[in-house]
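Spelled out from the first residue to the last, the chains are:
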Amino acid sequence: PTNVVDEIGIALSNLADAAGGAFTPTLRLGVTGLSRAGKTIFITALIHNLLTGGRLPGFAPMAEGRFIGARLAEYPDATIPRFAYEQHLEALTGKEPTWPESTRRISQLRITLKYQSARWFSGMRGPSTVNLDIVDYPGEWLLDLPLLSLSFAEWSTQALERARRAHSATEAGPFLALLDSTDPLKEANDVDAEALAAAFTRYLRESRHDGRALSTLPPGRFLLPGDLEGSPALTFAPLPPPHQAVRHTSLYTMLERRYEAYKDVVVKPFFRDHFARLDRQIVLVDMLRALNAGPEAVHDLETALTDVLACFRQGDSNPFLRLIARRIDRILFAATKADHLHHTSHDRLEAILNRLLANASRRARFAGAETRSVALAAVRATREGTIREKGETLDVILGTPMAGESLDGVTYDGKTEIALFPGDLPDDPEGVFEEGHPVELNFLRFLPPQKLERNAEGAYVLPHIRLDRAIDFLIGDWLK
Ligand code: GDP
């Protein structure tokens with residue numbers, strides 16, 4: 001009964017808002033990227049900067065003095081986990097700042113922004129408000145889209161072909177061996193299904209290890225199951241399509257049914273209920289890791305971006321996507337962790353990302369939403385300096401490597417600040433796609449900034465690089 005009273009209360013206050021002309025428009029911003037691309041850090045920094053009126057000179061409403069303030073608001077949909085902003089901020093700004101836990105599943109948060117409109121007639125109307133709904137979801141889940149147009153036999157053929165490629169041999173070996181010793185036509189049973197699914201999942205996860213391929217293979221939930229960990233919807237694996245008719249009690253049929261269930265109960269609802277309702281999207285990309293790993297990883301990343309862009313293509317050839325109207329009109333691709341480079345390389349990083357995107361857009365035949373790319377650091381963990389070495393002046397970054405990080409035979413203790421020459425990115429973005437032109441970056445994970453300034457109100461100021469530009473592109477025009 002209390003719920004009913006609550007609901008009536010909410011309904012009445014909505015009515016009151018509407019009557020008072022206080023209809024608040026809602027902008028739904030999707031934040032995605034493959035695991036560890038920087039989603040959690042980006043969202044935490046975004047919210048903190050908006051709540052505390054951070055240093056965002058490139059965010060027009062703030063630069064023009066029209067941004068009044070922001071507050072966290074109750075999220076209207078209680079069935080979706082809330083983004084743990086307070087916990088993440090506490091990790092970043094606590095006594096010993098650490099990086100918070102990463103995204104494992106979908107989560108959301110609403111923040112209400114108050115601003116003075118720049119339109120001529122708005123002076124009479126007073127401040128306006130807009131709800132910004134931030135939806136955080138693993139990029140791995142987007143890569144499931146192609147499954148919707150593939151039968152189990154088609155998907156199996158593709159997946160097994162990839163697993164058998166030479167460079168997958170180590171990761172895929174145990175799964176392929178198990179597959180060889182299992183007869184798909186035998187009687188269905190859970191033990192075999194679970195063993196195959198477990199081996200297949202291990203292979204998918206291992207093909208993503210540092211330095212190895214960076215893009216990812218569907219099904220996305222095998223990598224990031226969210227709330228579905230251990231559920232039967234995730235206990236399937238590709239099987240060689242049989243040449244003869246199969247009994248409906250066979251292992252093959254069992255896994256085929258589970259594959260179809262995965263599409264129906266996992267993939268479709270995600271695209272329909274979450275993805276299709278977004279207005280804006282930011283896709284975070286860990287370019288530096290790919291560059292460091294070499295041309296193969298860069299090509300892999302291009303493939304992943306092509307698949308991601310295909311999800312945003314309007315009038316898509318995918319029959320399921322044609323059914324759901326999408327309204328995303330702006331997509332920002334952001335190369336994260338730019339603080340690992342000296343600022344003289346930031347434009348080059350952007351140029352490389354642009355190049356990658358141009359290739360991906362062409363391959364995905366993408367047209368529609370306006371896209372842009374930026375190199376940013378949502379939370380800047382380094383400062384810049386110069387050192388003289390052998391009569392040469394080098395641009396370096398200063399930061400404290402995390403305990404256990406090592407480079408050139410030195411292992412760091414997590415307490416010592418060092419000066420690091422991060423290396424240069426090539427002038428010509430084409431270089432990173434070619435074998436024989438390795439980009440040699442010195443790459444270490446740094447601790448988040450250990451001493452934070454406070455603003456006049458006593459709130460911590462999180463340093464960043466170009467976060468303001470990203471925010472301006474994503475939401476600035478809604479605050480006109
Ligand atoms: P998610 O899996 O996409 O949510 O990734 P996170 O946001 O948790 O980021 C993964 C890791 O990347 C963090 O733990 C940090 O070590 C690092 N990272 C993310 N953003 C930044 C950044 O702006 N600067 C630096 N230096 N490191 C970052």
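Residues numbered from 1 in each chain as written. Predicted model: local features only at pLDDT ≥ 70, side-chain atom pairs only at ≥ 80, totals over all residues. Heavy atoms only, no water.

**Thoughts on the sheet that holds strand β5 (residues 280-285)**
- Pairing within the open sheet is mixed, and its seven strands lie in the order β2-β3-β4-β1-β5-β6-β7. Edge positions in the sheet fall to β2 (67-73) and β7 (370-375), since each has one partner strand and no second. Averaged over all pairs of adjacent strands, the angle between their axes in this sheet comes to 20°, without regard to strand direction.
- Pairing geometry for strand β3 (residues 107-115) and strand β4 (residues 128-136), over nine bridges, is antiparallel. For Leu 109, the partnering residue across the bridge sits in β4 and is Ile 134. (Pairing = 2+ DSSP bridges. Helix = DSSP H or I, 4+ residues; strand = E, 2+ residues; numbered from the N terminus. Axes fitted to C-alpha atoms, helices over the stretch in contact; angles between N-to-C directions.)

**Details of the sheet that holds strand β9 (residues 392-399)**
- Reading across from one edge, β8-β9-β12 is the order of the three strands in this open sheet, with antiparallel pairing throughout. Two strands lie at the open edges of the sheet, namely β8 (383-389) and β12 (418-420), each paired on one side alone. In this sheet, adjacent strand axes meet at a mean angle of 45° when their direction is disregarded.
- Judged from the seven bridges that link them, β8 and β9 form a sheet pairing that is antiparallel. For Arg 383, the partnering residue across the bridge sits in β9 and is Leu 398.

**Side note on the site of the ligand**
- Neighbouring residues of the ligand: 19 residues in total, closest Arg 36, Lys 39, Thr 40, Ser 102 and Asp 339.
- In this structure, an oxygen atom belonging to the ligand sits 3.4 Å away from a side-chain N or O atom of Trp 99.
- For the ligand, the protein covers 98% of the area, taking 570 Å² as the surface of the free molecule.
- Across the shell around the ligand, the residue classes tally to eight nonpolar, six polar and five charged. (Near = heavy atom within 4 Å. Polar contact = N/O pair within 3.5 Å; in protein donor to acceptor, adjacent residues only side chain to side chain. Areas by Shrake-Rupley, 256 points an atom, 1.4 Å probe, with all protein chains shown as cover. Nonpolar A, V, L, I, M, F, W, Y, C, P; charged D, E, K, R; others polar.)

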